[in-house]
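This is what each chain is made of:
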Amino acid sequence: MEKLIKSNELSLILKYALIDLSRNYKKISSIIITLFISLFILSSILTIEDSLKKELNDNARALLGGDLEIDYNRVQGNLDLVNEVKTFATISQMVEFSTMLSTTKEANNQSLFSRIKTVDENYPLFGSVVHEPVGALDRIHKEQNTILVNENIFKTLKLEINEKIKVQDQLFTVVGIVKTVPDVSGFVAFGDFALAGKQTLELLKLNNLGSFLNYEYKVRYNDGDNPNAIKQRIETLFQDDEKVILRYPENSASGLKRVINNFSQFLSLVSISAMLIAGIGIANTLLSFINQNNMSIAVRKAVGFFSLNIKAIYYLQLFILLFLITSAAYGLSFLIIPIVDGYLSQGLGLNIKPIISIVNFIKVFLVGLLVLIIFTIPTVSAIDQVKASNLFRNVFQNLQFYYSKKSVVLSLFLLSILILLFTIGSARPIYSLGYFIAFFACLIVFFLLSKLIIYFFRSLKKISNIPLKVSIKNITQTKSITPITIMSLGLGVTLLLTLALVGTNFKREIAKSIPEIAPDYFFLGIQKDDKKIFEENILSMDDNLNLETVPIISSAITKINGVDPTTYINSNNDSYWVIRSERRSSWMDVAPKDNPIIKGEWWDLTKPDELQISLDAKVAEDFNVQLGDIFTLNIYGREIEGKIVNFRAVNYRDLSINFAMLFNPQFANNIPHEYLATAKFSAGKSLDETKMLDVLPSLSIIKIADYLSKVTAVLDKVFIAVTFISAITILIGLIVISSAIMVQGKVKEFQNLVFKILGFSKKEIIYSSLIEFIIIFASVILIAILFATIGSQFIIENIFELNWQFDLKILVYLGLGIGSVTLLLIMLTNLKYLNPKVYPLIRNQ
Amino acid sequence: MSTLLRLKNVNLKYQTGKDLIKVLQGIDLTTKRKETISIVGESGSGKTSLIMLIAGLEKATSGKIFFKDQEISKLNEDEVAEIRRKDIGIIFQSFYLIPNYTAVENVALTLELNKFKNPEQKAKNLLDRFGLKHRFNNLPSQLSGGEQQRVAIARAIAMKPELILADEPTGNLDSENSTMIADILFNFAKEEGSSLIIVTHDSKLANKAKRKIKIKDGKID
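Right, let's walk through the structure included here. (Residues numbered from 1 in each chain as written. Chains lettered and ligands numbered in written order. Predicted model: local features only at pLDDT ≥ 70, side-chain atom pairs only at ≥ 80, totals over all residues. Heavy atoms only, no water.)

Observations regarding the overall build of chain B
The cut-off we apply is this: Helix and strand definitions follow DSSP, with helices as H or I runs of at least four residues and strands as E runs of at least two, each counted in order from the N terminus. Categorising residues by exposure relies on relative accessible area from a 1.4 Å probe, with only protein chains included: less than 20% of the type maximum marks a residue as buried, more than 50% marks it as exposed, and the intermediate range marks it as partly exposed. Two residues form a contact once any of their heavy atoms are found within 4.5 Å.
Scanning chain B for helices and strands turns up seven helices and 10 strands. Across the 221 residues that make up chain B, the buried fraction comes to 56%. Sequence separation of 24 or more characterises 70% of the internal contacts of chain B that already satisfy a separation of 6 or more.

Some thoughts on the overall build of chain A
Secondary structure assignment for chain A yields 28 helices and 20 strands. Taken across its 845 residues, chain A has 54% of its residues classed as buried.

Some words on the environment of serine 682 of chain A
Secondary-structure assignment places serine 682 of chain A in the loop between strand 19 (674-680) and helix 23 (689-695). When residues no more than four places from it in sequence are discounted, the contact partners of serine 682 of chain A are Asp542 and Asn544 of chain A.

Observations concerning the sheet that holds strand 1 (residues 3-16) of chain B
Two modes of strand pairing occur in sheets, parallel and antiparallel, and in both the strands are linked by backbone hydrogen bonds. All names here are of chain B. Where we set the bar: Pairing between two strands is assigned when DSSP locates at least 2 bridges connecting them. In this analysis an axis means a line fitted to C-alpha atoms, helices contributing only their contacting stretch, and an angle means the value between N-to-C directions, from 0 to 180 degrees.
Ordered in space as 2-1-4-5, the four strands form an open sheet in which the pairing is antiparallel. Two strands lie at the open edges of the sheet, namely strand 2 (19-32) and strand 5 (70-71), each paired on one side alone. Bridge count between strand 1 and strand 4 (residues 62-67): five bridges; the pairing is antiparallel. Looking at strand 4, one finds that asparagine 11 is bridged to serine 62. The strands that helix 1 (residues 47-54) touches are strand 1, strand 2 and strand 4; relative to strand 1, the one it contacts most, it runs at about 120°.

A look at the nonpolar core
Here is the rule: Throughout, nonpolar core names a set of buried Ala, Val, Leu, Ile, Met, Phe, Trp, Tyr and Cys residues whose side chains join them through atoms within 4.5 Å. Where a domain begins and ends is set by an automatic assignment or by a domain database.
Of all hydrophobic cores here, the largest spans 155 residues; its most connected members are Ile272, Leu418 and Phe446 of chain A together with Leu7, Ile54 and Ile197 of chain B. If one sorts the elements of this core by residue count, helix 9 (residues 254-292) of chain A sits on top with 16 residues. Counting contributing residues per domain, this core is built from domain 1 (1-65 + 255-416) and domain 3 (428-518 + 705-726 + 740-845) of chain A, each supplying no fewer than three. Among residues more than four places away in sequence, those in contact with isoleucine 272 of chain A are Val367, Val371, Leu418, Phe422 and Phe436 of chain A.

With respect to the sheet that holds strand 6 (residues 88-91) of chain B
Residue and element names in this part refer to chain B. As summarised here, the arrangement of the six strands in space is 6-7-8-3-9-10, forming an open sheet in which the pairing is mixed. This sheet does not close on itself; its edge strands, each paired only once, are strand 6 and strand 10 (219-220). Of the strand pairs in this sheet, strand 3 (residues 36-41) and strand 9 (residues 211-216) are connected by five bridges, and their pairing is parallel. From the neighbouring strand, glycine 41 faces strand 9, where its bridge partner is isoleucine 215. Together, strand 6 and strand 7 (163-167) form the strand contacts of helix 5 (residues 145-157), whose direction differs from that of strand 6 by roughly 165°.

Concerning the packing of helix 3 (residues 103-113) of chain B against helix 5 of chain B
All names here are of chain B. Just so we agree on the cut-off: Our angle categories are set so that under 35 degrees counts as roughly parallel, over 145 as roughly antiparallel, 65 to 115 as roughly perpendicular, and the remainder as oblique. Note: crossing handedness is left-handed where the near helix turns anticlockwise from the far helix by less than a right angle, and right-handed where it turns clockwise. Under the scheme applied here, ten amino acids are nonpolar (Ala, Val, Leu, Ile, Met, Phe, Trp, Tyr, Cys and Pro), four are charged (Asp, Glu, Lys and Arg), and all others, including Gly, are polar.
At a minimum axis distance of 7 Å, the contact between helix 3 and helix 5 shows a crossing angle of 20°. Here helix 3 lies roughly parallel to helix 5, going by the angle between them. Classified by chirality, the crossing of helix 5 by helix 3 is right-handed. The segment helix 3 lies against helix 5, with Ala103, Asn106, Val107 and Thr110 engaging Val151, Ala154 and Arg155. When grouped by side-chain class, the residues that make up the contact of helix 3 with helix 5 number four nonpolar, two polar and one charged.

Observations concerning the packing of aromatic side chains
Residues and elements named next belong to chain A. For the record, the criterion: Centre distance within 6.5 Å is the pairing criterion for rings of Phe, Tyr and Trp, where only the six-membered ring of Trp is used; planes under 30 degrees apart are then read as stacked, over 60 as edge-to-face, and the remainder as tilted. Counted as over-ring charges are cases with an Arg CZ or a Lys NZ within 6 Å of the ring centre that also lie within 35 degrees of the ring normal.
Overall, the coordinates contain 23 aromatic pairs over all chains when judged by the stated rule. When the centroid spacing of 6.1 Å and the interplanar angle of 70° are considered together, the rings of phenylalanine 289 and tyrosine 314 count as edge-to-face. Of this pair, phenylalanine 289 sits in helix 9 while tyrosine 314 is found in helix 11 (residues 307-332), placing the two residues 25 residues apart along the sequence. By relative accessible area, tyrosine 314 is classed as buried at 4%. Three or more aromatic residues joined by ring pairs form one cluster here, namely Phe319, Phe323, Tyr330, Phe334, Phe361 and Phe365. Over the aromatic face of phenylalanine 88 sits the side chain of arginine 233, whose NZ or CZ is 3.9 Å from the ring centroid. Here the basic side chain of lysine 531 rests over the ring of tyrosine 675, its NZ or CZ set 4.8 Å away from the ring centre.

Things to note about the interface of chain B and chain A
It is common to give the size of an interface as the accessible area that goes away when the parts come together. Just so we agree on the cut-off: Two parts placed together each lose some accessible area; with a 1.4 Å probe, that loss summed over both constitutes the buried area. By definition here, a salt bridge exists when the distance from a side-chain nitrogen of Lys or Arg to a carboxyl oxygen of Asp or Glu is within 4 Å. Counting of polar contacts relies on pairs of N or O atoms within 3.5 Å, with two restrictions inside protein: one atom must be capable of donating a hydrogen and the other of accepting it, and residues adjacent in sequence are counted only when both atoms are side-chain atoms.
On the chain A side, the residues contacting the 32 residues of chain B number 30 residues. Summed over the three residues of chain B that lose the most area to chain A, namely Tyr96, Asn100 and Tyr101 of chain B, the buried surface amounts to 21% of that side. On inspection of chain B and its partner chain A, the count reaches two salt bridges. In this structure, lysine 15 of chain A and glutamate 112 of chain B form a salt bridge, with 2.0 Å as the shortest nitrogen-oxygen distance. On inspection of chain B and its partner chain A, the count reaches nine residue pairs in polar contact (both at pLDDT 80 or more). Among the secondary structure elements, those contributing two or more residues to the side of chain B that touches chain A are helix 1, helix 2 (77-87) and helix 3 of chain B. Taken together, the residues that form the side of chain B that touches chain A break down as 14 nonpolar, six polar and 12 charged.

Observations concerning the packing of helix 2 (residues 29-58) of chain A against helix 11 of chain A
Residue and element names in this part refer to chain A. Direction vectors running N to C along helix 2 and helix 11 enclose 45°, while the axes themselves pass 8 Å from each other. Relative to helix 11, the element helix 2 is oriented oblique. Seen from above, helix 2 lies across helix 11 with right-handed handedness. Taking contact as the criterion, the partners of Ile31, Ile32, Leu35, Phe36, Leu39, Phe40, Ser43 and Thr47 in helix 2 are, on helix 11, Leu321, Leu322, Ile325, Thr326, Ala328, Ala329, Tyr330 and Leu332. Of the residues assigned to the contact of helix 2 with helix 11, the class counts are 13 nonpolar, three polar and no charged.

Rendered as structure tokens:
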């Protein structure tokens, strides 16, 4: 390398790299296209992720609703402290709750379970509420019994402006439609919501557990005040209040950020798969390009160029090309932002703008560089094989990939860096690593498959059918493109089929759970005195109703074995939700059928005065608590100690009544409680919501099917994005195959010429190409189906913990689709070699 | 005249399967500076192999080769490339111009490699001297055989090498072009004081050299 540091040689290398690149770029168009597509996907993912995060960070205060949030959950909290804050900062008080909204038309009235946010005149402290008509937001403060509903409520209930709707037993006038609110970090991100004035609270009965009541006080510091000083002052003020949770802008939209991280990690992995497949094609195209320049390389060596200089010229060309392609791909990725913005501004009210990030540009460039170097080391090293002495003999050997020990070690080292780049710092590093292992395992299997096919067909000796003989010869010849076709097609098809199987299984499982397991309705907020009325009314609607009613109370875990529960679990743990805020718990005499006890005994009836707790086994494992450990619970302000007596296997996904904690009834029956019910109607029967709400206005009714259809709609959008990205991977695979065919172009042309001279018909040549394709594709699709089956089963059963089912139909449809497209491409690429001109070929021109 | 090139008991053998092919055997040869030599012999006698060894493009199986008193048979590929870059110009029967470089660029390549100033202008001057002024910016595919060979000669001699090796330089040309190429080569060698070793079947061309070496069955006859 020391020769390269001479500046005059470097400038010479640069000059020739530029000349070569400017004249040869057409010959390496497939490298440019595949590299561009892969880098464009990666750039788009990074740009969208960054733009979204920047929007969330820039609007963190708007998303939280203030510089600080004082959250008292179900209780109004210490108003003295809140009022004290009002002396040095602005406060917007809001209360969120869930209840039913019903139409008051003459007939066919409808109801919808919605979240209502009561706000005062200070709302919003940051950002703005997008609504129509103008002045509607002011009306909810000035006029009593007025409400602003979101677009979905407006459409679903077929409302009109100034129409009356019923909220519990009160009539409200719909004064407008609210399109977006700035503080989306909470509940309103995906559900239906409405805005009402603060006086609404006094009109409604909201103290039941089914209201999911939440008192929040948003704080805005006065201009010119030191934010840290004010923050500290508030923290000091509330330090002795155990019921309060203080939130800051940096905590806002944490759920949304987690979703963005997970989704972008997944898409990044798919995009790196596309890049690695592209790498196979790049190596192949470059080898063909170097072979075409075999003579030029030999001449350069003859006139005194070092082999290292020549390799440097090629590497420099790739480097320049990569820089230009990265710049174009990164620049064009900004065009995606308006499309994503269109999606997000409707749902979340987020307006994202493209963010130019040098770090992202370098990351994309670095990924491209690593892929390029890894795949071009054996190709460019082939330059060492070119001998200037060939010029005397007029013979040029066809170059092969050249692997030295040093280059293999270097390639593996760079590959490890590439994997680490996508693994370290990702949302779930273990999944990323697993993905890479699976990817390379598939790659090796497909490579071995290609070798097996070649070996098998080479051993076939007695074949009389000429087209079959020709196609087998094409598959097994020394310079065959069989390994490249099988590897690139195999990986792309495997990825697409796996995602398709995961998608169909996921959707089927969700759809399946509605009729088979889940109830039709959840009823919340049934007061102790109303239980009988509720049961009588609902049973009158269906004699064969499957009704389950259980008591519920709300409690918070304040200590575990006498210490702070947060010392038992990390806030990133899946089970952290159990201690995040108050949770609903129930009790029952016998263990539920779908919650089997896996450790310990059911209630000890000899100790009715002691609280006994049955705990979800997964929660117990995550908290690392044992039988006999003590939970201190805060129930209605009283601290009660309970002993864990058993662990249950709880499956929350069956959508029946499930609780993390169950209590012994002998003890719990004495605690003030209300009821939760589920109902499944027999065929032909349904709930008369209007009648039920007339009887029990404060009842909340959740229709399971509505929620599942919302989840399915979100999943559909996610799967469209995922399928699009994996389809691009297939496209790159097809470009790789097409380039591999073109690499063979000269040989193919010559071969077809010989066939022509020998009297082959065009039909027979096409027929041989068809047989060749069928042999390759049939073996690829079989292995791809096998991998997709194993992969999707693992994902569905281990990551989503759902039942997996083989879906032949989707595999057949996709297999046929990909097969047809690939065949068409191969035929089109081969078309120009079907009619070779005799004269230029035999004159070696 | 001092010694430019010395070959001492040089042998070249190839193993093809079980057969050992003796291409060159016990070659002893000394050439002086500014000497013009023609190498003749039947096809397969080892003429081209001999100049490949002299150019350092092939390694001798045994024996020693000295160029300007430096033993090139001991040097590695890059070290020989450095000598070739400065002191040895090679001309092939099939011209071997870089197809996507213009005539000027093909010639300037060696000048730039040797850090000449104004390489393009020098290349143009040389091509002009060889009657190719109207072909400066043409690609090799747009040139006739004679023109291509003149560009190839210009490329080989542009850096005024001590030694010019020409392998059948007129083999692909008609008689008129052959005469022109021969004149260019010999005139240049005379004017610039370069040594010229030319491998040829053409007796007229061979006779133009001061010294004639005949190779038969890998040995100097």
